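Take a look at the letters that make up each chain.
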Amino acid sequence: MRGECWTESSQPVGPDTAPPTEVETNAACPELVQVNSQIIPVNSSLQKMIMRHGGTLGGCLGEEQDAQCPGSVAVQKRIDCHPQPGASREACEARGCTWCSSDVPNAPWCFFPENSPYGYARSGSPEQTAKGWRVTLNKRQALSLFGNDISPIVFEVEFQTKDRLRFRLYDPNAQRFEVPLKIDGPGVTAEEANYEVEFSDDSTHLKIKRKSTGTVLWDSPLVDLFFSNQFLQITTAVPSTSVYGFGEHEHPTFKHNMDFVTYGMYARDQAPTSFANLYGVHPFYMCVEPDANAHGVLLLNSNAQDVTLSPNPSLTFRTIGGILDFYLFMGPTPENVVQQYTEAIGRPHMPAYWALGFQLSRWGYNSLDVLKETVDRMKRYDIPYDVQHYDIDYMERRLDFTYDKVNFAGLPEFIKEMKKNGKHNILILDPFIAKDEEPGTYRPYELGQEMGVWVNNSDGVTPAVGQAWPPGDCVFPDYSNPRTVEWWTQLCLEFKDVLDYDGIWIDMNEPSNFMRGQIPGCADTEINNPPYTPSISDRSLAEKTLCPDSKTYLGDHYNTHSLFGWAQTEPTYNAVKQATGKRPYVLSRSTFVGSGKHTAHWLGDNFSLWKDLRRSVIGIMEFNLFGIPFIGADICGFNWNTTYELCLRWMQLGSFYPFSRNHNSEGNIEQDPAVFGDEFAKISRATLRIRYSLLPYLYTLFYESHVHGGTVVRSLMHEFTSDPETHGIDTAFLWGSAFMIAPVLEEGARTVDVYFPDAQWFDYYTGLKVPSSWKKSHVTVSAPLSKIPLYIRGGNILPQQAPATTTTESRLNPFGLLIALDEQGEASGSLFWDDGDSIDTIENENYFLAKYTFSKGQLKTEIVKDGYRGADTLKYNKITILGLKLRPQAVSLNGKSIRGDAVTYEMSGKLVLRISAPLTKELNIKFY
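Here's what I pulled together on the structure shown here. All of these numbers come straight from a predicted model, not from anything done at the bench.

Criteria and cut-off values
Residues numbered from 1 in each chain as written. Predicted model: local features only at pLDDT ≥ 70, side-chain atom pairs only at ≥ 80, totals over all residues. Heavy atoms only, no water. Salt bridge = Lys/Arg side-chain N within 4 Å of Asp/Glu carboxyl O. Helix = DSSP H or I, 4+ residues; strand = E, 2+ residues; numbered from the N terminus. Buried < 20%, exposed > 50% of the residue type's maximum accessible area, 1.4 Å probe, protein only. Pairing = 2+ DSSP bridges. Contact = heavy atoms within 4.5 Å. Axes fitted to C-alpha atoms, helices over the stretch in contact; angles between N-to-C directions. Parallel < 35°, antiparallel > 145°, perpendicular 65-115°, else oblique.

A closer look at the pattern of salt bridges
And step 1. Applying the stated criterion across every chain, the model contains 49 salt bridges.
And step 2. Lysine 775 is the salt-bridge partner of glutamate 823, the closest N and O atoms lying 2.7 Å from each other. In this pair, glutamate 823 is assigned in the loop between β44 (815-820) and β45 (827-833) and lysine 775 in the loop between β40 (761-763) and β41 (777-782), connecting sequence segments 48 residues apart.
And step 3. Taking relative accessible area as the criterion, glutamate 823 reaches 35% and is therefore assigned partly exposed.
And step 4. Each of Asp269, Asp507, Glu510, Lys544, Arg589 and Asp605 takes part in one network of salt bridges that share partners.

Topic: the sheet that holds strand β35 (residues 661-662)
And step 1. Strand order in this open sheet of seven strands is β31-β28-β24-β23-β22-β35-β34, and the pairing throughout is parallel. This sheet does not close on itself; its edge strands, each paired only once, are β31 (586-588) and β34 (634-635).
And step 2. Packed on one face of the sheet, helix α5 (residues 411-420) meets β23 (387-390) and β24 (424-429) and runs near 160° to β23.

Section: the pairing of strand β20 (residues 314-319)
And step 1. Most of β20 is tucked away, with six of its six residues classed as buried.
And step 2. What you see with β20 is no split at all: Ser314, Thr316 and Arg318 on one side and Leu315, Phe317 and Thr319 on the other are buried throughout.
And step 3. Where strand β14 (residues 232-237) lies against β20, six bridges are found, and the strand directions are antiparallel. Note that in β20 the partner of threonine 235 across the bridge is threonine 316.
And step 4. Where strand β19 (residues 305-310) lies against β20, six bridges are found, and the strand directions are antiparallel.

Observations concerning the packing of helix α10 (residues 610-625) against helix α11 (residues 644-654)
And step 1. Two elements in contact, α10 and α11, have axes whose closest approach is 10 Å; the angle formed by their N-to-C orientations is 10°. When the axes of α10 and α11 are compared, the pair comes out roughly parallel. Packed against α10, whose contacting residues are Trp610, Asp612, Leu613, Ser616 and Val617, the element α11 presents Glu645, Leu646, Arg649, Trp650 and Leu653 at the interface.

Details of the sheet that holds strand β37 (residues 733-735)
And step 1. Overall, antiparallel pairing links the five strands, which are arranged β36-β37-β38-β42-β40 in an open sheet. In this open sheet, the two edge strands, each paired with only one partner strand, are β36 (713-714) and β40.

A short note on unusual backbone geometry
And step 1. Between glycine 247 and the following residue, glutamate 248, the backbone shows a cis peptide bond with an omega angle of 10°.
And step 2. On the secondary structure map, glutamate 248 appears in the loop between β15 (243-247) and β16 (261-265).
And step 3. That bond from isoleucine 519 to proline 520 is cis: its omega, 5°, falls within 30 degrees of zero.
And step 4. Residue placement: proline 520 occurs in the loop between β28 (503-506) and β29 (551-552).

This is a description of form; function is not addressed.
Here it is as structure tokens:
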């Protein structure tokens, strides 16, 4: 809408119209200015105000900029009564709301008064149910915000487990859409639960408390509750501003800014942009309470929605369909919160060992010859590399289940050759199928037509037709339909006979359509143009996707849109499992609550910018909270050309993403780590070799995540919750509890500011103990271009293995233990090992698990499980101990004395033992 004059009800189209404190002037109408999507005449008092607030303004707008509003709601407690664009005093007061300007950036100027006419009141006493209780709520007055209000509604509480509470608000007289993710709990009594749910004495507030401390975790005034057909809203106070989560977005910080910031959630194909709704939907947050206990909350709802974070501090949830279905997880540690969350939504899948190796990709090799040159270059520099991805340029005219027999002639043989060399191959598939090919030439479409597998138009009969990568028009498989699952599985199995893939990458599954709705456009109905559209890009439900009134097996696309990728993931996982007979590898762009059970994820079409490098750290920590620990960002950036320094720093950081892949877009310069010359290749190789040497530790973390449901990557706050300084740190991160990565995130920097929480830390490179004066301090540490700072936390034992250029080779190499002692001279750790790619090795007990403890000068090994015979040929050859206080006089291994020349000791307290001992036998080492 550039060059047009904005009106009260319009707004410029584009992903950047929602951010806080964003001021735009309109060249076509210089007398108007738009601030946060709201339009106001420019006058001298406004200009003064903009200058006074650094060029920013927020919230609703009006003529009387500095009006005082005696007796009205305190600014930080305001809840927006006009959340859509175009507020005015007249429109606000017609809603029974208060209009009052504020110079607080982003604060709403139209807000609910203390004596709001809206909301619900309790009717009668709670009634006991099998797992809790329910109570009826009635609307207080007839006034409606968006029409079609529902009354009565039911508020129902289920005590699912002692640490998990479900509470939901629904219409007792009509079935509304609910997300088909079943979360069951055995049920506990109110006495057994670690929470208590109550109404305030005057029945105006619903409160949930932590029993042990009395902290109020949830506090919702019923007067702020809305439940209409297409607008549901609830507000809760939160006990602190240490709030994390909500996705998928590119957040500027890990700990959220609570100054009236709104994030929309609705799956959307768009490159990461501040404040924009991206590929997946995760309405889950974690809050750290003032006493350092933590809890998590999920709103299980798949409709377009947004959440406003306010400085009170409070959260306002708005959604345009379904029900308000909340789950509360009691922690009390951040790790407990994530474990309880994944117990409910599904534990993360166990990746294959090779999938933790370095991966290479690009859209735009455009020929097998170019790809071969890249592979040869990587080999020449001996850079560790396990997995090759094939983007849409391998296809014939971008048609799924084909390959280009001209530019990629010989691809089937090449893939077999890669496998012979110990590498693995991942093919991309898109969720749209060309419909205009010559009859009899394109089986995927014809079989789909025959089986009736497409998303349909609003008539429920004719397939929705859009446009995407393939030539002509295309149709969209409805993966929520069992017939589609059958069709998809069959095609994936058949394709395995053409190209011998090891995994499938599912892209564009928001679903993406290169139009606003399908042909011929969306009808002007309430389902397509609801009375309230959440704060999503373009304020459109159909932009770059299908019309909301399209029909899927589960119901209207209005309800199921954000479930499209989620519904595609499990069938793809099962198809890969069937096709390969091995542990499945699926990489999905669109995700939803519970996707981690079947897929890895990457942070999408990022840019080759330092900002994107930095924000990727936040993204990987957030997806670990969402139960998707197999996460990474495109190393060196996907869009635009990278630079030598940016790409090198990104290779260093990316070497420690759980999912480590360098990927690039068509038309950009090549950016694989072998293309920049000797020095770059040498540094990348060295950093990747550190990753590969620590893969046994990373794999063990994935085992623990799969079995117990926690995180693989975590923030410093996660481990040092009681230290408030950690709450805002998002430039460094941890693998598990033991290994800190402190990347360089700024151009030209040769040092990094690192915060060392209260623990004993060791420099990974030198083994030197960090000075005790650094504890609980920010310290500037050296980071030349060749190095990413890495630290080991005392009290931990990390299993290691000599690296190689593929995991196929490295898995045969000798193991080591890296033992970092705490102040008490103690440490512990474990090693999980299996064949790396068989299905259900854990469930079938075909694995090896050792637990190590170091205490009182002695290392002891407990073999918890010895179920994998493939480990019998493996050996330990090196034990490194950091933080010894005294040089030992003698060392024995399993009761036998070790020769002096096998022991090296440095005055720093670092000791290295060279040994040869079988992995599957107990390893007991004593120092005298």
